[in-house]
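One letter stands for each residue in the lines below.
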Amino acid sequence: DVKVTQSSRYLVKRTGEKVFLECVQDMDHENMFWYRQDPGLGLRLIYFSYDVKMKEKGDIPEGYSVSREKKERFSLILESASTNQTSMYLCASSPHGQGTYEQYFGPGTRLTVT
Amino acid sequence: EDQVTQSPEALRLQEGESSSLNCSYTVSGLRGLFWYRQDPGKGPEFLFTLYSAGEEKEKERLKATLTKKESFLHITAPKPEDSATYLCAVQAPGSGNTGKLIFGQGTTLQVKP
């Protein structure tokens, strides 16, 4: 079974703090993704990575950065957390290639910024 | 603009009352359409991939179908445990090998006993 794990289920941080969200997958997938999910707005792509040290901006990258030093691990960084970054954060992974591949999701991190 | 639209936003059914969820898409060169189930507070769980018009996939009480413009998720004789949000996604044109998906907003299904 594909397993995508996220470091925390729930996280509470203060405005201005630097926040790290960690994601690890065990299926040797090349592609990894970070989304946020908000009521009425659906899933929005923040950043994705298709290889170690490679990253591309998604639809809403402002206020976020990412790091991919190892194939299995993809980190999302909130440089200076703000209240409008309170959200559910979801990590996903998929194989890389010419085919069509589903993404496998982690359990999510519910982040509250106060 | 590439877009995925799901309807209705919310659906309430009685146990055993069959219905369908709709996912319409406007992308050129569809590479694949995906259905996911998401329980409250959890990550989406993969259900099906459909590749071409006319294709159907089934799993228990769920059947997904695909035309050139839309996909349906048919739920036959639903049970309360089928209550969840169902998400539709398409593989983005020009995504190359990156696997980027475009997601719809989801349909929240509630099945009452």
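Use the structure listed above.
Read on for a plain summary of the structure. All of these numbers come straight from a predicted model, not from anything done at the bench. (Residues numbered from 1 in each chain as written. Chains lettered and ligands numbered in written order. Predicted model: local features only at pLDDT ≥ 70, side-chain atom pairs only at ≥ 80, totals over all residues. Heavy atoms only, no water.)

Some points on the overall build of chain B
- From N to C terminus, chain B includes zero helices and eleven strands.
- Going from N to C terminus, chain B has its helices and strands arranged as β-β-β-β-β-β-β-β-β-β-β.
- Its C-alpha radius of gyration of 14 Å places chain B within 12% of the 13 Å reference for a compact globule of 113 residues.
- Along the first, second and third principal axes, the C-alpha atoms of chain B reach 45 × 30 × 20 Å.
- In chain B, the proportion of contacts linking residues at least 24 apart, taken out of those at least 6 apart, comes to 55%. (Helix = DSSP H or I, 4+ residues; strand = E, 2+ residues; numbered from the N terminus. Rg over C-alpha atoms; globule rule 2.2 N^0.38 Å. Contact = heavy atoms within 4.5 Å.)

Some remarks on the nonpolar core
- Within the largest apolar cluster, 23 residues are counted, with the highest numbers of intra-cluster contacts made by L33, W35, L73 and Y86 of chain B.
- Where this core is concerned, the elements lending two or more residues are β2 (10-14), β3 (19-26), β4 (33-38), β5 (45-50), β7 (62-66), β8 (70-75), β9 (84-91) and β11 (107-112) of chain B.
- It is β9 of chain B that contributes the most residues to this core, four residues altogether.
- Excluding anything up to four places from it in sequence, L33 of chain B contacts C23, Y25, F48, T49, L50, L66, S71, C88, A89 and V90 of chain B.
- Residues W34, Y47, Y89 and L111 of chain A belong to the second largest nonpolar core, which totals 20 residues. (Core = buried A, V, L, I, M, F, W, Y, C linked by side-chain atoms within 4.5 Å. Buried < 20%, exposed > 50% of the residue type's maximum accessible area, 1.4 Å probe, protein only.)

A few points about the pattern of salt bridges
Residue and element names in this part refer to chain A.
- Within the structure shown, the criterion is met by eleven salt bridges over all chains.
- Where E69 meets K53, a salt bridge forms, and the shortest distance between an N and an O atom there is 2.5 Å. On the criterion of sequence distance, the pair formed by E69 in strand β7 (residues 64-70) and K53 in the loop between β5 (42-51) and β6 (54-57) is long-range, its members being 16 residues apart. With respect to class, E69 is no different from K53; both count as exposed.
- Here the salt bridges share partners, and the residues they tie into one network are D28, E30 and K71. (Salt bridge = Lys/Arg side-chain N within 4 Å of Asp/Glu carboxyl O.)

Here's the deal with the state of the cysteines
- Following the criterion strictly, the structure yields two disulfides over all chains and no others.
- The partner cysteine of C23 of chain A in its disulfide is C91 of chain A, sulfur to sulfur 1.9 Å. Where C23 of chain A bonds to C91 of chain A through sulfur, the torsion about that S-S bond is close to -75 degrees, and the disulfide is left-handed. Remark: C91 of chain A occurs in strand β9 (residues 87-94) and C23 of chain A occurs in strand β3 (residues 19-25); sequence separation between them is 68 residues. One exposure class covers both C23 of chain A and C91 of chain A, and it is buried.
- Two residues share a disulfide in this structure: C23 of chain B and C88 of chain B, whose sulfurs sit 1.9 Å from each other. Taking the torsion about the S-S bond as the criterion, the C23 of chain B to C88 of chain B disulfide, at about -60 degrees, is left-handed. Taken together, the residues C23 of chain B in strand β3 and C88 of chain B in strand β9 connect sequence positions 65 residues apart.
- A relative accessible area of 0% means that C23 of chain B is categorised as buried. (Disulfide = S-S within 2.5 Å.)

With respect to the packing of aromatic side chains
- For the structure on display, the rule yields ten aromatic pairs over all chains.
- Ring centres of F105 of chain A and F103 of chain B lie 6.0 Å apart, and the angle between their planes is 75 degrees; this geometry places the pair in the edge-to-face category. Here F105 of chain A is found in strand β10 (residues 104-105), whereas its partner F103 of chain B is found in strand β10 (residues 101-103) on a different chain.
- A residue is classified by how much of its surface remains accessible, and F105 of chain A, at 11% relative accessible area, is buried.
- Between Y36 of chain B and F103 of chain B, the aromatic rings sit 5.9 Å apart at their centres with planes inclined by 45 degrees, giving tilted as the arrangement. Placement of the pair is Y36 of chain B in strand β4 and F103 of chain B in strand β10, with a sequence separation of 67 residues. (Phe/Tyr/Trp six-rings, centres within 6.5 Å; stacked < 30°, edge-to-face > 60°.)

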